[in-house]
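# Residue-level structural notes
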Amino acid sequence: MTDEERRAARSTAGKSLLAGATTSPLRVAADAVRARAPWLLPALVAAIAIVPSALALRAQTFGIFGRDQGIFQYVAWALRHGERVYRDIHEINGPLPHAWHCVMQLLGGEDEHVFRSIDAAMLVAAYVTAGLTLPRWVGLELGSGTRRRGALVVWGLAGLALLGAQYVRYDWWHTAQREAFYSVLVLTSLSLQSIAHSTRGRRRALVAFGLAGVTTSLTWFGKPPCAIFSVLQVAVLVLDREAVAVPVRRALASAAAGALAVGAAMLAFVLAFEDLGRGLEILSKVPRLHHTIWNETLIGAYRAYNNGPRLDWAMATLAAFFAAFFALKLPRRALLAAVLPLGGFIVFAGQGKAFPYHLHMLTLGTAVAQLVILGAAAERLRATRERGARLDVAAIAVAVAAIALGLKAGEDAWKSPGLRNGWAEAGSTPEKRASRAYFERFPWGDYFANDLRDAAAYLAFHTRPDERVQTYGFDPYLLFLARRKSASPVIYSFELNVDAALEGGPGARPSAELASWLVAYRDDAERLVLTSVDAAPPAAFTLHDRAPFTFPKDAAQDFAKHCPKLFAWMKERYVFAAAFGTVRVWLRRDVMGRAPGW
């Protein structure tokens, strides 16, 4: 046999071996994956991660409130009891979180566990809805009848498993936050927009666009930079205009009508419960007052609070999504998956504060993009009629990737602070949730939950419900816990002590002009408090040690140094009554002299 004949024989033998291999278990497994991909891939994710995600979401409902949630609880409670926000309370946020907390309180959310339970139910609904609509994003064919319904159930569970897992990795301080609420609103808007892009019914498309406009525009009234999500959504609409059942102008008009309805509702809320003129004035000053307190460089924001891994995972996922978009020739509406991560990164970087809860839009968008990639892979496997060893390997690799995604989500859920620290067991009854031991499970460097509650109980006992309290700190949640209103509009100590703003941070230093403005602002704030308390002396002052952002060891000394006139006025009329850890309570002399329980 010649060399050429030997080479030909070896080639023939190799082809025979390859042909034999493709009839092996690999081919059988690959064919099974291809035939079942539309429901099998999400089922692999759900089977692994749904239980830990559900348990972790339940555990989240037993977390306490941190500083931000407490602030909004007080503002909403005071608003519900006759105060006008911006006039009677110098709030530094838009009206949406005030309205949100009002609604939650009316539903029983004055209790932290009830609030978080309602919040968790809202998250579950949004995550399941996103999973149910996800096949539309990539044009995944699910069949019809029972087969389609079963596949949708599996996608809904996969959505809950994966999206829930990214949320529960945040701790109690960073959940039930504004940004988490806004991220869910945008996600719901994207789910509605996917319906609008994929339906053939013109009326249904217009309704979906209108509702998408409602949900995304709500975020503008909480954090105006969230308008970037709406801009990106419009960009996807324009790019996908040929596939949409209605003309772009009609789609935009419907979305705009939804946004106008939201604007009218929020304006009505502001006119009824807030002071529009003072709100515009205060909110226009907020950037100058806070710019140098909370300002971090981009690299500093990346390094802070262990944000790096979340940002790395998000960027890697976004790159994988765009690669899949072009390689698999996805419908243009699939670009909706880029809205949350791109917009989330812009909002996070633009704020420059680096707080982890500002990453909610980005991390939620990361999980959504992963589901979209999975759905796109499922559609490609379903639609591919070709056979070959490479395609078999690719099918198995996609199934393995789905398993890996489920394992990652399951690991995130099992490692969630709520499950690791046993929140559900610690707070399983109302009695346990009222104990000191329960609150000690939620330590934070400059936030003292038990101190606030002890001081609030003391104030509630020694003062009348109609009497007011002036605070010098950063936790008006104390006022909510005591059910007492603030004696002046100033509820944040950074209006009375601007040292942190004058010092600045890595990302910004105040100019000479801004420094002068800050000092003048502080002087005006002290005059406002002095005028308010002189006109109607409150029953008590509370001074808070270690309050952000100057963290005084002795709040009384800090108060005397930064507000000398106000401190002198207080010292003449009030007596130091008690200290509860970091909270110092001064009572008016006649209040101090009253019988206990008055």
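Residues numbered from 1 in each chain as written. Predicted model: local features only at pLDDT ≥ 70, side-chain atom pairs only at ≥ 80, totals over all residues. Heavy atoms only, no water.

### Structural notes on the overall build of the chain
Tallying secondary structure elements over the chain gives 27 helices and 4 strands in all. Along the three orthogonal principal directions, the C-alpha set of the chain runs to about 115 × 50 × 50 Å. Within the chain, the fraction of its 598 residues that count as buried is 56%. Look at the contacts in the chain between residues 6 or more apart in sequence, and 77% of them connect residues 24 or more apart. For the chain, the exposed area adds up to about 24,700 Å²; of that, 63% sits on carbon and sulfur atoms. (Helix = DSSP H or I, 4+ residues; strand = E, 2+ residues; numbered from the N terminus. Buried < 20%, exposed > 50% of the residue type's maximum accessible area, 1.4 Å probe, protein only. Contact = heavy atoms within 4.5 Å. Areas by Shrake-Rupley, 256 points an atom, 1.4 Å probe, with all protein chains shown as cover.)

### Focus: the sheet that holds strand β2 (residues 540-544)
The strand order β1-β2-β4-β3 describes an open sheet built from 4 strands, whose pairing is mixed. The open sheet has two edge strands with one neighbour each: β1 (469-472) and β3 (574-580). For this sheet, the mean inter-axis angle between neighbouring strands, taken without regard to orientation, is 20°. Two elements, β2 and strand β4 (residues 583-588), share 5 bridges in a ladder whose sense is antiparallel. Within β4, the position partnered with T542 by the bridge is V585. Against the sheet, helix α25 (residues 555-562) contacts β1, β2 and β4, and its axis sits at roughly 105° relative to β2. (Pairing = 2+ DSSP bridges. Axes fitted to C-alpha atoms, helices over the stretch in contact; angles between N-to-C directions.)

### A short note on the layout of surface pockets
Approximately 420 Å³ is the volume attributed to the second largest pocket. Taken together, 19 residues form the lining of the second largest pocket, with I373, L374, A377, V398 and A401 sitting closest to its centre. Residue classes in the lining of the second largest pocket are distributed as 14 nonpolar, 3 polar and 2 charged. (1 Å grid on protein atoms, 1.4 Å probe; cavity = no way out; pocket = protein on both sides within 12 Å on 5 of 7 lines; lining within 4 Å. Points joined across faces, edges and corners; volume = space filled by probe spheres on them. Nonpolar A, V, L, I, M, F, W, Y, C, P; charged D, E, K, R; others polar.)

### Describing unusual backbone geometry
The residue after P548, namely F549, is reached through a cis peptide bond having omega 5°. Considering the arrangement of structural elements, one finds F549 in the loop between β2 and α25. The phi dihedral of K329 is positive, around 55°, even though this residue is not glycine. Structurally, K329 can be placed in the loop between α13 (308-327) and α14 (339-351). Phi is positive for R546, which is not a glycine, with a value near 60°. Position of R546 relative to the elements: it lies in the loop between β2 and α25.

### What to know about the pairing of β2
Of all the 5 residues making up β2, 5 are buried; the element is thus mostly covered by neighbouring parts of the structure. Burial along β2 is two-sided: the residues A540, T542 and H544 and F541 and L543 are all buried.

### Brief notes about the pairing of β1
The side chains of a regular strand alternate between the sheet's two faces. The alternating pattern of β1 places V469 and T471 on one face and Q470 and Y472 on the opposite face, and all of these are buried. Examined bridge by bridge, β1 and β2 share 4 bridges and lie parallel to one another. Looking at β2, one finds that Q470 is bridged to F541.

### Things to note about the packing of aromatic side chains
Two descriptors summarise a pair of aromatic rings, namely the distance from one centre to the other and the angle between the planes of the rings. One pass over the full model with this rule turns up 36 aromatic pairs. The interplanar angle of 90° and the centroid separation of 5.1 Å between the aromatic rings of F65 and F115 together place this pair among those described as edge-to-face. Here the residue F65 occupies a position in the loop between α2 (25-60) and α3 (67-80), and F115 occupies one in helix α5 (residues 112-138), the gap between them amounting to 50 residues. For the pair F65 and F115, one class covers both residues: buried. With 5.2 Å between their ring centres and 85° between their planes, F325 and F326 make a pair best called edge-to-face. By way of ring pairs, the aromatic residues W172, W173, W423, Y438, F439, F442, W444 and Y447 are connected into one cluster. Positioned over the ring face of W517 is R288, at 4.9 Å from the centre of the ring. Across from the ring centre of Y170, 4.1 Å away, lies the NZ or CZ of R310, which sits over that ring. (Phe/Tyr/Trp six-rings, centres within 6.5 Å; stacked < 30°, edge-to-face > 60°. Lys NZ or Arg CZ within 6 Å of the ring centre and 35° of its normal.)

### Some details on the environment of E83
With respect to the element layout, E83 can be found in the loop between α3 and α4 (95-109). Residues in contact with E83, not counting those within four places in the same chain, are A78, D88, I89, F273, R468, K485 and S486. In this structure the side chain of E83 is engaged in a polar contact, spanning 3.0 Å, whose partner is the side chain of R468. (Polar contact = N/O pair within 3.5 Å; in protein donor to acceptor, adjacent residues only side chain to side chain.)

### Some words on the nonpolar core
Grouped together as the largest cluster of nonpolar side chains are 144 residues, with contacts concentrated most on Y74 and L163. The element that contributes the greatest number of residues to this core is helix α15 (residues 360-383), accounting for 12 residues. Judged by nonpolar contacts, the second largest core, of 19 residues, contains V490, A525, F559 and W569. (Core = buried A, V, L, I, M, F, W, Y, C linked by side-chain atoms within 4.5 Å.)

### Structural notes on empty space enclosed by the protein
Scanning the model with the defined rule gives 3 cavities of 30 Å³ or more in all. Roughly 60 Å³ of volume is contained in the largest cavity. When the residues that make up the lining of the largest cavity are grouped by side-chain class, the tally is 4 nonpolar, 2 polar and 5 charged. One number sums up the size of the second largest cavity: a volume of about 50 Å³.

### Quick word on the environment of M122
Along the chain, the position of M122 falls in helix α5. Residues M122 and L371, 249 residues apart in the sequence, show an inter-C-alpha distance of 20 Å.

### Quick look at the side chain of R453
As for its position among the elements, R453 is in helix α21 (residues 449-462). Excluding residues that lie within four positions of it along the chain, R453 makes contacts with E112, F439, Y477 and L481.

### Here's the deal with α2
Over its 36 residues, α2 runs only 44 Å from end to end, short of the ideal 52 Å by more than 12%, given 1.5 Å per residue. Of all the bends in α2, the greatest reaches close to 100° and is centred on A37; the proline P38 follows between one and four positions later. (Expected span 1.5 Å × (residues − 1). Bend = angle between axes of the 7 residues up to and from the residue.)

### Some remarks on the state of the cysteines
By definition, a disulfide is the covalent link that joins the sulfur atoms of two cysteine residues. Summed over the entire model, instances satisfying the criterion amount to 0 disulfides. Cysteine C102 shares no disulfide, and the gap to the nearest cysteine sulfur, in C226, comes to 20 Å. Under the relative-accessibility criterion, C102 is labelled buried at 6%. Accessibility expressed as a relative area gives 0% for C226, which makes it buried. (Disulfide = S-S within 2.5 Å.)

### As for helix α24 (residues 512-535)
Along its 24 residues, α24 runs 35 Å from first to last C-alpha, staying within 8% of the 34 Å computed at 1.5 Å per residue. Turning to α24, its buried residues number three or more, namely L514, W517, L518, Y521, R522, A525, E526, V529, S532 and V533.

### Regarding the pattern of salt bridges
All chains considered together, the criterion is met by 31 salt bridges. Between D412 and R169 there is a salt bridge, with the nearest N and O atoms lying 2.9 Å from each other. Of this pair, D412 sits in helix α16 (residues 389-414) while R169 is found in the loop between α6 (145-168) and α7 (178-198), placing the two residues 243 residues apart along the sequence. Of the residues examined, D412 reaches a relative accessible area of 10% and is grouped as buried. Each of R464, E467, R588, D590 and R594 takes part in salt bridges that share partners, so that together they form one network. (Salt bridge = Lys/Arg side-chain N within 4 Å of Asp/Glu carboxyl O.)

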